[in-house]
Amino acid sequence: LGCSLGAATLAARRAVQEPGVTIIAVDNAPDMVARCRQLIAEDNSRVPVDVIEGDIRGVEIESASVVLVYFTLQFLPLQARDELLRKIARGMTPGGVLILAEKLAFEPDANQRWMDDHHHDFKRAQGYSDLEIARKRQALENVLVPETRQAHHQRLKNAGFDHVHDWFQCFNFCCFAAVRN
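A brief structural summary.

Rules of the game
- Residues numbered from 1 in each chain as written.
- Predicted model: local features only at pLDDT ≥ 70, side-chain atom pairs only at ≥ 80, totals over all residues.
- Heavy atoms only, no water.
- Disulfide = S-S within 2.5 Å.
- Buried < 20%, exposed > 50% of the residue type's maximum accessible area, 1.4 Å probe, protein only.
- Axes fitted to C-alpha atoms, helices over the stretch in contact; angles between N-to-C directions.
- Helix = DSSP H or I, 4+ residues; strand = E, 2+ residues; numbered from the N terminus.
- Parallel < 35°, antiparallel > 145°, perpendicular 65-115°, else oblique.
- Left-handed = near helix turned anticlockwise from the far one by under 90°.
- Contact = heavy atoms within 4.5 Å.
- Nonpolar A, V, L, I, M, F, W, Y, C, P; charged D, E, K, R; others polar.
- Pairing = 2+ DSSP bridges.

Quick notes on the state of the cysteines
Item 1. Per the stated rule, a full pass over the model turns up zero disulfides.
Item 2. Cysteine Cys174 remains unbridged, with the sulfur of Cys175 as its closest cysteine sulfur at 7.0 Å.
Item 3. On the accessibility criterion, Cys175 (8% relative accessible area) is buried.

Printed below as a string of structure tokens:
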């Protein structure tokens, strides 16, 4: 959900070993959907992928064994996050897993500053200028609203996931695996 250009979709497609799997990728940006469809058409995997242009909140989720939501939830209003996660949990098969990757907020403020400083150092090492870093930060302010690790765990439990695992973290980006029994 929120497939963008399809990097996670293609990685999942290439990893599928079971027969009968279909991947459904959803994004609301027409240009992203068009490019994603092109990249999937150029890929040599035989796993079918259906790319849908639309709002992830309006997509029906039924019998899903795996749902990927990468850096998308943080752009939704808080109430919409709860509703979407409940909908995902209801649409999953027993034992299904939601892989949720999000930017984290840290408490206290000193911890947040430390993470931000090191993340910006990483961006500089990748060739970004201070101006580019500042512009991106300004563009995302009040648009991307990160939450704490604890808030994510609680929201996932409230949505109906039985187990929540911190799967991976790099700086202020974390990936959770939430399992539905």
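Side note on the packing of helix 4 (residues 109–125) against helix 5 (residues 130–140)
Item 1. Look at helix 4 against helix 5: their axes get within 10 Å of each other, and the N-to-C directions meet at 130 degrees. Judged by the angle between their axes, helix 4 and helix 5 are oblique. Taken as a pair, helix 4 and helix 5 cross one another with a handedness that is right-handed. Each of Asp116, His120, Lys123 and Arg124 in helix 4 lies in contact with helix 5, whose residues at this interface are Asp130, Ile133, Lys136 and Arg137.

Observations regarding the packing of helix 3 (residues 78–90) against helix 6 (residues 149–159)
Item 1. Across the interface, helix 3 lies against helix 6 with an axial gap of 8 Å and an inter-helix angle of 50 degrees. Taken together, helix 3 and helix 6 sit at an angle that is classed as oblique. Note on packing geometry: the crossing formed by helix 3 with helix 6 is right-handed. Taken together, the residues of helix 6 that come into contact with helix 3 (itself represented by Leu78, Arg81, Asp82, Leu85, Arg86 and Ala89) are Arg155, Leu156 and Ala159.
Item 2. Here the contact of helix 3 with helix 6 is built from residues that sort into five nonpolar, no polar and four charged.

Some details on the sheet that holds strand 6 (residues 173–180)
Item 1. The four strands are arranged 3-4-6-5 in an open sheet whose pairing can be described as mixed. Two strands in the sheet have a free side with no partner beyond their single neighbour: strand 3 (64–70) and strand 5 (163–170). Here the average twist between neighbouring strands, direction ignored, is 15 degrees.
Item 2. In the sheet, strand 5 pairs with strand 6 via seven bridges, with the strands oriented antiparallel. Bridge pairing links His165 to Ala177 in strand 6.
Item 3. Contacts between helix 3 and the sheet are confined to strand 3, strand 4 (92–103) and strand 6, with strand 4 contributing the most and set at about 150 degrees to the helix.

Structural measurements only, silent on function.
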